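Per-entry structural report
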Amino acid sequence: MTGRGIAKRAGVSILIPNWNHRFSLPRAIRSAFAGMRQLQARGIACELLVVDDASRDGSQKYLFHLATQYTDLPTRIIWLAKNVGPGPARNIGLMQAAYRHACLLDADNELEPANLWLFYRAALETDATVTYGVLPVRGDDRPDLLSNEALHARFYRQNYVDGFALLDAPAALAAGGYAPARGLLEDWELMMRLLARQALIVFVPVVFGYYYRIPGSGHTIAPEPLAHHLRRIFNQDELRSREGRLIGRMYHPDIGWLA
């Protein structure tokens, strides 16, 4: 998978990979449409791009009628005939996205519409490859926040940043995109490959969206053999994670650099 030579227009593609999430897909899409209206009001080009990964739960019928219901919002659906998994589905979306910046929104999560344009501004002003923010957890009685700090070197020991973020699509594809068959580690592996390429990863200290902790959610502890394999590649002898230094940056478009 390579993104070299891919030229994309300025704007935001909200990318939703979906596999059998009919129960939560409308919530994710409603939040995406609300975010798109916020962007359009500020003159920012945008689209919704859903990659349906051969769903069999009624998602396809819902998606088939979606574009006819919201004619004022650019919407495209990519229908995959065979289930390929989350990593390849995301790669297909990144390749097909019309715009340079892709908002990775899983079908069981929810975007904070009012803040999307802040993250887009931050991405443009800093030229960050990944721009992410705070994700309050919903869906159970355990209060929690995900992705709520800038990257420190301990990130090489255990991932604490969810893939729900704004991504420079050509840069991510040039780094190889999402690796297939990595269990719960596609996000972590891509981030470490981007860091190896000296990509800038920026944390904006506002809410990006809401993570729903439900059965089958991806944000759980990764299988240790797979995690150990990635550490052996990117953090041999734990030399990087022992440094304790800041490896990302913190930025707010209304304030500037914070770290």
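Residues numbered from 1 in each chain as written. Predicted model: local features only at pLDDT ≥ 70, side-chain atom pairs only at ≥ 80, totals over all residues. Heavy atoms only, no water.

1. Concerning the overall build of the protein
- In terms of helices and strands, the protein carries seven helices and twelve strands.
- Each of the 259 residues in the protein was classed as buried or not, and the buried ones make up 55%.
- Taking contacts inside the protein between residues at least 6 apart in sequence as the whole, the part at least 24 apart equals 78%.
- Just so you have it, the protein exposes about 11600 Å², and 53% of that area is on carbon and sulfur atoms. (Helix = DSSP H or I, 4+ residues; strand = E, 2+ residues; numbered from the N terminus. Buried < 20%, exposed > 50% of the residue type's maximum accessible area, 1.4 Å probe, protein only. Contact = heavy atoms within 4.5 Å. Areas by Shrake-Rupley, 256 points an atom, 1.4 Å probe, with all protein chains shown as cover.)

2. Looking at the environment of Gly-139
- Tracing the chain through its elements places Gly-139 in the loop between β6 (130-138) and β7 (145-146).
- By relative accessible area, Gly-139 is classed as exposed at 56%.
- The spacing of Gly-139 and Arg-213 is 74 residues in sequence and 5.2 Å in space, taken between C-alpha atoms.
- Not counting chain neighbours up to four residues away, the residues in contact with Gly-139 comprise Tyr-212 and Arg-213.

3. Looking at the packing of aromatic side chains
- Applying the stated rule across the entire model yields five aromatic pairs.
- Ring centres of Phe-119 and Phe-208 lie 4.6 Å apart, and the angle between their planes is 90 degrees; on these two criteria the pair is classed as edge-to-face. On the criterion of sequence distance, the pair formed by Phe-119 in helix α4 (residues 116-126) and Phe-208 in the loop between β9 (201-207) and β10 (209-212) is long-range, its members being 89 residues apart.
- The buried category is assigned to Phe-119, whose relative accessible area is 0%.
- Residue classification places Phe-208 among the buried positions, given a relative accessible area of 1%.
- On the numbers, 5.3 Å between centres and 40 degrees between planes, the contact of Tyr-132 with Phe-203 is tilted. Taken together, the positions of Tyr-132 in strand β6 and Phe-203 in strand β9 put the pair 71 residues apart, joining distant regions of the chain. Per residue, the accessibility class of Tyr-132 equals that of Phe-203, and both read buried.
- In textbook terms, an aromatic cluster arises when at least three aromatic residues are bridged by ring pairs, as seen for Phe-119, Phe-164 and Phe-208.
- Against the face of Tyr-210 rests Arg-138, its NZ or CZ located 3.7 Å from the ring centre.
- Seen from the ring of Trp-257, Arg-249 lies directly overhead, with NZ or CZ sitting 4.1 Å from the centre. (Phe/Tyr/Trp six-rings, centres within 6.5 Å; stacked < 30°, edge-to-face > 60°. Lys NZ or Arg CZ within 6 Å of the ring centre and 35° of its normal.)

4. With respect to the nonpolar core
- If you look at the biggest cluster of nonpolar residues, it comprises 40 residues, and the most contacted ones within it are Ile-14, Ile-16, Ile-29, Leu-48 and Phe-208.
- Of all the secondary-structure elements, those providing two or more residues to this core are β1 (9-18), α1 (25-41), β2 (46-52), α2 (59-69), α4, β6 and β9.
- Element by element, the count of residues in this core is highest for α1, at seven residues.
- In this structure, Ile-16 is in contact with Leu-25, Ala-28, Ile-29, Ala-32, Leu-48, Leu-49, Val-50, Val-51, Leu-105, Asp-106 and Ala-107, ignoring residues within four places of it in sequence.
- Counting 38 residues, the second largest nonpolar core, distinct from the first, contains Ala-102, Ala-153, Tyr-160 and Leu-185. (Core = buried A, V, L, I, M, F, W, Y, C linked by side-chain atoms within 4.5 Å.)

5. Topic: α1
- Between its terminal C-alpha atoms α1 stretches 24 Å, which fits the 24 Å expected from 17 residues at 1.5 Å a residue.
- Within the span of α1, buried status applies to Leu-25, Pro-26, Ala-28, Ile-29, Ser-31, Ala-32, Phe-33, Gly-35, Met-36 and Leu-39.
- On its buried side, α1 packs onto β1, β2, α2, β3 (75-79), β5 (110-111) and α4.
- The positive-phi residue at the C-terminal boundary of α1 is Gly-43, with phi of around 75 degrees. (Expected span 1.5 Å × (residues − 1).)

6. Examining the side chain of Asp-168
- The residue Asp-168 is located in strand β8 (residues 166-168) in this model.
- In terms of polar contacts, Asp-168 uses its side chain to reach the backbone amide nitrogen of Ala-171, at 3.2 Å.
- With residues up to four places along the chain from it excluded, the contact list for Asp-168 reads Arg-100, His-101, Ala-128 and Thr-129. (Polar contact = N/O pair within 3.5 Å; in protein donor to acceptor, adjacent residues only side chain to side chain.)

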